[in-house]
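# Structural overview
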Amino acid sequence: MHTKTMEGLAGASTNMKLLNTPFRVYKDAERRGDTAVMERAMGYVGDFAEKAADYQKKAEKGMEEDAKEAREKAKTEQENAIRKRKEEREEQEKRIAESRYEDTDTVSISESGKTALDEKTDSVQTGADNSIFVEEAEDAVKTEPVIYTKTGGALKLESGTNRSVSV
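The structure contained in this document is the topic of the report that follows. (Residues numbered from 1 in each chain as written. Predicted model: local features only at pLDDT ≥ 70, side-chain atom pairs only at ≥ 80, totals over all residues. Heavy atoms only, no water.)

## Considering the pattern of salt bridges
For the structure shown, the criterion picks out five salt bridges. Of the charged contacts, one joins arginine 31 and aspartate 28 as a salt bridge, the two residues approaching to 3.7 Å between their closest N and O atoms. A residue pair is termed a helical-turn pair when its members lie 3 or 4 positions apart in one helix, as arginine 31 and aspartate 28 do in helix α2 (residues 20-32) at three residues. For arginine 31, a relative accessible area of 68% gives the class exposed. Judged by relative accessible area, which is 34%, aspartate 28 ranks as partly exposed. (Salt bridge = Lys/Arg side-chain N within 4 Å of Asp/Glu carboxyl O. Helix = DSSP H or I, 4+ residues; strand = E, 2+ residues; numbered from the N terminus. Buried < 20%, exposed > 50% of the residue type's maximum accessible area, 1.4 Å probe, protein only.)

As structure tokens, this is what we get:
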């Protein structure tokens, strides 16, 4: 909270409370019929009311300044956030570009694999409909599921065990 706002609110509140005393004196003088005391008390009431209004204006100016500072702060925070996002995006683009140029894994096929591939492609080319042969489909069905351990070794399941999955 801005100091002008606090000073204005405190001053206005204090003067409004102080206004009660001369007003009480005015009412007492009115009951007695003493017009001189009534006029003097109303003068004090007017003075305190003017001071309260001045402090209220001061509080309003302070609140306007608070709002202006808050808007400026929000704007700078937004600009900082946008700048940070741009920097992060540039860093990410750099990392992506660097990862594209890093060494990649290569696959090499052994001679026996090449001959097996040649034989398979020859047999497919001689087939009339280029469909998968029944023997290959049977081999795919006969394979058992394999679970791999943390070390990378295969763990074979016993054929007699029951498997159940609960979700």
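## A few points about α2
Its 13 residues place the ends of α2 19 Å apart at the C-alpha level, agreeing with the 18 Å of an ideal helix rising 1.5 Å per residue. Taken as a whole, α2 has its buried residues at Pro22, Tyr26 and Ala29. Across the axial projection of α2, the buried residues extend over an arc of 70°, all falling on one side. Seen from the open side of α2, the exposed residues pointing more than 90 degrees away from its buried face are Arg24 and Arg31. (Expected span 1.5 Å × (residues − 1). Arc of directions from axis to C-beta.)

## Points about the side chain of threonine 5
Inspection of the secondary structure puts threonine 5 in helix α1 (residues 3-18). With relative accessibility at 2%, the residue threonine 5 sits in the buried group. In this structure the side chain of threonine 5 is engaged in a polar contact, spanning 3.2 Å, whose partner is the side chain of aspartate 66. Setting aside anything within four residues of it in sequence, one finds threonine 5 in contact with Ala59, Gly62, Met63 and Asp66. (Polar contact = N/O pair within 3.5 Å; in protein donor to acceptor, adjacent residues only side chain to side chain. Contact = heavy atoms within 4.5 Å.)

## Focus on the packing of α1 against α2
Each pair of packed helices can be described by the angle between their axes along with the distance between the axes. Their axes nearest at 4 Å, the elements α1 and α2 cross at an angle of 20°. Taken together, α1 and α2 sit at an angle that is classed as roughly parallel. Listed contacts from α2 to Met16, Lys17 and Leu18 of α1 are Asn20, Thr21 and Pro22. Here the residues of the contact of α1 with α2 are counted per class, giving three nonpolar, two polar and one charged. (Axes fitted to C-alpha atoms, helices over the stretch in contact; angles between N-to-C directions. Parallel < 35°, antiparallel > 145°, perpendicular 65-115°, else oblique. Nonpolar A, V, L, I, M, F, W, Y, C, P; charged D, E, K, R; others polar.)

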